[in-house]
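Summary of structural features
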Amino acid sequence: MNKTVSLAFAMTMLVTAGAAGQTPRGVDRANLDTSVAPGTDFYEYACGGWMKANPLSDEYSRYGTFDQLGELNRTQVRDLVLGLDASAVPFGSNAQKIADLYAQGMDSIRLNREGAAPLFADLEVIARTPRAAIVDLMAAMPGIDAFFGTGVEADMLNVDRNAMYWQQGGLGLGDRDYYLEDTDNTKAVRAAYREYLHTLARLIGYDDAAAYRLVGNVIDIETRLAQAAMSREEMRNPAASYNPMSMAQLAKDYPAVDLKRYFAKQGINEIDTLIVGQPKSLQAVNDILESASEQALRDYLTAGYLTSAAGFLSDDFVDAQFAMSQALSGVKQPQPRWKRALSIPNGMMGEALGELYVAKYFPPEAKAKMLTLVGNLQKALGQHISGLTWMSDETKAKALEKLSTFVVKIGYPDKWRDYSALTVDPKKSYWQNVQEAILFNQKLNLADYGKPVDKDRWYMSPQTVNAYYNPTTNEICFPAGILQAPYFNPDADDAENYGAIGVVIGHEMTHGFDDQGRQFDKNGNFSNWWTDADAAAFTKLADALAAQFDAIEVAPGTHANGRFTLGENIADQGGLRVAYTAYHNALGDSEGEVIDGFTPDQRFYLAYANVWAGNIREAEILKRTKTDPHSLGRWRVNASLRNIQPFFRAFDIKEGDPMFRPENERVVIW
């Protein structure tokens, strides 16, 4: 179960321009393409030089300034891992587990020698599983990715209590539209998927006929699941995915799924209510379990299991998985082995590595300075809320109260996760140890069931290059991984800091008031604290913003999905406006300094654009338009800025310029 997270990119701290011993850096002109006028295409003007200097390598389907920071982060984490010697530390220590997991991922000789052997015991179990025991298998075998997902999370209506959730799933291609649409792209993806499944089946010893049988059965079942699945736009409505049902009612309505037995197999016997995300999907799972042949069900489970395991096996499995990635994203070359190997301990033992990471890379003063900057942005957002013309005083008071109760998490958690119950044994296969890690994290989540919500818990590791807002805890979180160079430069002036890190902070804060976040109160409960008139006014503005993005053609014949990306677009615009106000609050009576020919406002907007500088393949554009709730970088810049009057003034953009939008067509929410 994922928290509501938002992609945000940042520098570390506020540094005052002209401070002793520092020189304002100003705009890096190498990033610009001055052959393009700011009023024609601001993204090209601000980022065109960077894009030309950083062409896509074969390893990437998209590469931007965020990815540059990701590369630095990987190098830092790898240095930490390479500094660990599993033979020199006690067996069972975090250092031993991290070092051995990484070493196993790097051991191509052993992986290629073992081939599919690490899978055979589990595959034999799947091959013998009768229809009635399929839910047992899904509950107990790590790596079975089929039909649905379950997990413990705060109850949306009572966020002090942990509840059990059920969510739709089981689609090997990840998104229902790949099964339902008949565009050239989706047809090509389905063809690649069929080839991928056939290859996996052959690699575990199936003959050609059996491999084609598996392909047909998997496509049939997954298409049925796709037809019943909620769209990504529908899933943006929290109320639609909150359907509490008693176990007695579930047993009556969906007898083939047998969820009581499923949870008992996971060690949870005292469960009376399950919050079902998508009842239509649950009905489809029930129908498939009743009507599909046992062979079809086994083939489907086998395919999901193979997809989970493929990246931890020999090169032929990895190559098959990469070919599927090529079809989806257009990437031309797999990541080097060390990056793939590093991602496993980094993901599955994230806080263990995080403890090492912050000790080396995150100075205490950075946290203090970030807290100061967050306070400045909080004040500015309060000014915006107070000044809204479309919102009543009654709702404003509650919005300001919610803003004042934001929980701010910066850098790293106060309490580190305990990994003592996880065993990593180098005598076992790589895949077996990964399965142990999957089980460990599953048990950790299930152990929360029925307990009070731990509001000090973090939902990203400290070394993660990202940030998030979580509505059920009303918190914004900025891990240490994103709070570093190249986004922080000690010589940068205030305009650049507010244009980058300031917008990011404002973005996360605005998520508390976007189309989803606004439906949660100051305590994190799903609750309507708006007057009907204010809710209607918000919806009218949000619909207009969605329509602006719907009109954008991101690739020939493909438009952006303004409804799917609405929350992020609201947060981008809010972040820009609020950070601009916070910056001018910091300037006070000063007009700021012109540096290298650029005014403070120009540097502010150029810094924001440079956050999103990047190159991207068309296949990746098509994939992200289906699966990513964030707009593409180009449109996070151009489309958002076209609603902001100070931007027009900063670059003298006037009616007739392509970047100009008439005042009566602009949408301003926060």
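As the structure is a prediction and not an experimental result, all values here were calculated from the model. (Residues numbered from 1 in each chain as written. Predicted model: local features only at pLDDT ≥ 70, side-chain atom pairs only at ≥ 80, totals over all residues. Heavy atoms only, no water.)

**Brief notes about the confidence of the model for the protein chain**
Taken residue by residue, the protein chain gives an average pLDDT of 93. The fraction at 70 or more is 95%. For the stretch residues 1-24, pLDDT sits under 50, and the model shows 96 contacts to residues farther than four places along the chain or on other chains. (pLDDT = per-residue confidence, 0-100. Contact = heavy atoms within 4.5 Å.)

**Quick notes on unusual backbone geometry**
Even without being a glycine, D258 presents a positive backbone phi close to 50°. Along the polypeptide, D258 turns up in the loop between α10 (247-253) and α11 (259-265). Of the residues examined, D258 reaches a relative accessible area of 29% and is grouped as partly exposed. Even without glycine at this site, D596 takes up a positive phi of about 55°. The residue D596 is located in the loop between α22 (566-587) and α23 (600-611) in this model. (Helix = DSSP H or I, 4+ residues; strand = E, 2+ residues; numbered from the N terminus. Buried < 20%, exposed > 50% of the residue type's maximum accessible area, 1.4 Å probe, protein only.)

**So, the pairing of strand β4 (residues 158-168)**
Relative to β4, strand β3 (residues 148-155) runs antiparallel, the two being bridged by 8 bridges. Among the inter-strand pairings, G151 is bridged to a residue of β4, identified as Y165. Here β3 folds back onto β4, and the loop between the two strands holds 2 residues. One ladder, built from 2 bridges, connects β4 with strand β6 (residues 273-276); its direction is parallel. Considered in β6, the bridge of Y165 is made with I275. (Pairing = 2+ DSSP bridges.)

**Regarding the side chain of Q266**
In this structure, Q266 sits in the loop between α11 and β6. Polar contacts involving the side chain of Q266 include one to the main-chain carbonyl oxygen of A139, which spans 3.5 Å. With sequence-adjacent residues up to four places away left out, Q266 is seen in contact with A139, T150, Q442 and L446. (Polar contact = N/O pair within 3.5 Å; in protein donor to acceptor, adjacent residues only side chain to side chain.)

**Re the nonpolar core**
Counting 190 residues, the largest nonpolar core has F42, L119, F147, L259, Y605, F647 and W670 as its most contacted members. Ranked by residues supplied to this core, first place goes to α22 with 9 residues. What F42 contacts, discounting residues up to four positions off in sequence, is Y605, L606, A609, V637, N638, L641, F647, F651 and M659. With 6 residues, the next largest nonpolar core counts M156, Y165, I275 and F520 among its residues. (Core = buried A, V, L, I, M, F, W, Y, C linked by side-chain atoms within 4.5 Å.)

**Some details on the pairing of strand β8 (residues 467-470)**
Alternating residues of β8 divide into A467 and Y469 and Y468 and N470, and every residue in both groups is buried. Pairing analysis gives 3 bridges linking β8 to strand β9 (residues 475-479), with the strands arranged antiparallel. Of the residues in β9, the one forming a bridge with Y469 is I476. Counted along the chain from β8 to the antiparallel partner β9, the turn is 4 residues long, and its residue N474 has a positive phi close to 50°.

**Let's talk about the packing of helix α8 (residues 184-203) against helix α9 (residues 208-228)**
Close contact between α8 and α9 brings their axes to 9 Å; oriented N to C, the two are set at 135°. Here α8 lies oblique to α9, going by the angle between them. Judged by the sense of rotation from one axis to the other, the crossing of α8 with α9 is right-handed. Between α8 and α9, the residues in contact are Y193, R194, L197, H198, A201 and R202 and D208, A211, Y212, L214, V215, V218, I219 and E222, respectively. Taken together, the residues of the contact of α8 with α9 sort by class into 9 nonpolar, 1 polar and 4 charged. (Axes fitted to C-alpha atoms, helices over the stretch in contact; angles between N-to-C directions. Parallel < 35°, antiparallel > 145°, perpendicular 65-115°, else oblique. Left-handed = near helix turned anticlockwise from the far one by under 90°. Nonpolar A, V, L, I, M, F, W, Y, C, P; charged D, E, K, R; others polar.)

**Focus: the packing of helix α17 (residues 364-386) against helix α18 (residues 393-404)**
The description of two helices packed together rests on the angle between their axes and the distance between the axes. Relative orientation of the contacting elements α17 and α18 amounts to 175°, with a least axis distance of 10 Å. In this view, α17 runs roughly antiparallel relative to α18, as classed from their interaxial angle. Residue-level contacts link Q378, L381, G382, I385 and S386 of α17 to K396, A399, L400, L403 and S404 of α18. Here the contact of α17 with α18 is composed, by residue class, of 5 nonpolar, 4 polar and 1 charged.

**As for helix α21 (residues 532-550)**
In this model α21 runs 26 Å from its N-terminal to its C-terminal C-alpha over 19 residues, within 8% of the 27 Å that 1.5 Å per residue would give. Listed in full, the buried residues belonging to α21 are D534, A535, F538, L541, A542, L545, A546, Q548 and F549. One side of α21 holds all its buried residues, which, seen down the axis, span an arc of 150°. Of the exposed residues in α21, those oriented more than 90 degrees away from the buried face are D532, A533 and K540. (Expected span 1.5 Å × (residues − 1). Arc of directions from axis to C-beta.)

**Focus on the pattern of salt bridges**
It is possible for side chains bearing opposite charge to pair when their charged atoms get close. Throughout the structure, instances matching the rule amount to 34 salt bridges. Ionic pairing is found between E124 and R128, a salt bridge with its closest N-O pair at 3.4 Å. Here the residue E124 and the residue R128 both occupy positions in helix α5 (residues 120-128), the gap between them amounting to 4 residues, near one helical turn. You can call E124 partly exposed: its relative accessible area is 42%. Owing to a relative accessible area of 52%, R128 belongs among the exposed residues under this scheme. Here R298 and E294 are joined by a salt bridge, their closest N and O atoms 3.5 Å apart. (Salt bridge = Lys/Arg side-chain N within 4 Å of Asp/Glu carboxyl O.)

**Here's the deal with helix α15 (residues 337-348)**
In this model, α15 (12 residues) spans 17 Å end to end at C-alpha, consistent with the 16 Å of a helix rising 1.5 Å per residue. With respect to burial, α15 is a largely interior element, 9 of its 12 residues being buried. Along α15, the residues classified as buried are R337, W338, K339, A341, L342, I344, P345, N346 and M348.

**Considering the sheet that holds β6**
Read from one edge of the open sheet, 4 strands run β3-β4-β6-β5, paired in mixed fashion. Each edge of the open sheet carries a strand with a single partner, namely β3 and β5 (243-246). Between one strand axis and the next, the sheet turns through 35° on average, direction left out of account. Against the sheet, helix α12 (residues 279-291) touches β3, β4, β5 and β6, its axis set at about 45° to β4.

**Here we look at the environment of E222**
Within the secondary structure layout, E222 lies in helix α9. The buried category is assigned to E222, whose relative accessible area is 3%. For the pair formed by E222 and D253, sequence separation is 31 residues and the distance between their alpha carbons is 22 Å. When neighbours within four sequence positions are excluded, E222 is seen to be in contact with G170, L171, G172, L173, Y179, Y193 and Y300. Polar side-chain contacts of E222 include one of 3.2 Å to the backbone nitrogen of G172.

**Here we look at the packing of aromatic side chains**
One pass over the full model with this rule turns up 40 aromatic pairs. Aromatic pair F513 and W670: ring centres 5.3 Å apart, planes at 55°, arrangement tilted. Of the two residues, F513 sits in the loop between α20 (494-510) and α21 while W670 sits in the segment after α26 (645-650), which places them 157 residues apart along the sequence. For the pair F513 and W670, one class covers both residues: buried. Where F538 meets W670, the ring centres are 6.4 Å apart and the plane angle is 45°; that geometry is what we call tilted. Here W670 lies in the segment after α26 and F538 lies in helix α21, a separation of 132 residues in the sequence. For the residue pair F538 and W670, the accessibility class agrees, reading buried in each case. Taken together through their ring pairs, the aromatic side chains of F42, Y45, Y498, Y580, Y583, F604, Y605, F647, F648, F651 and F660 make up a single cluster. Positioned over the ring face of Y412 is K367, at 4.4 Å from the centre of the ring. Of note, K626 hangs over the ring of Y178, and the distance from its end group to the ring centre comes to 5.9 Å. (Phe/Tyr/Trp six-rings, centres within 6.5 Å; stacked < 30°, edge-to-face > 60°. Lys NZ or Arg CZ within 6 Å of the ring centre and 35° of its normal.)

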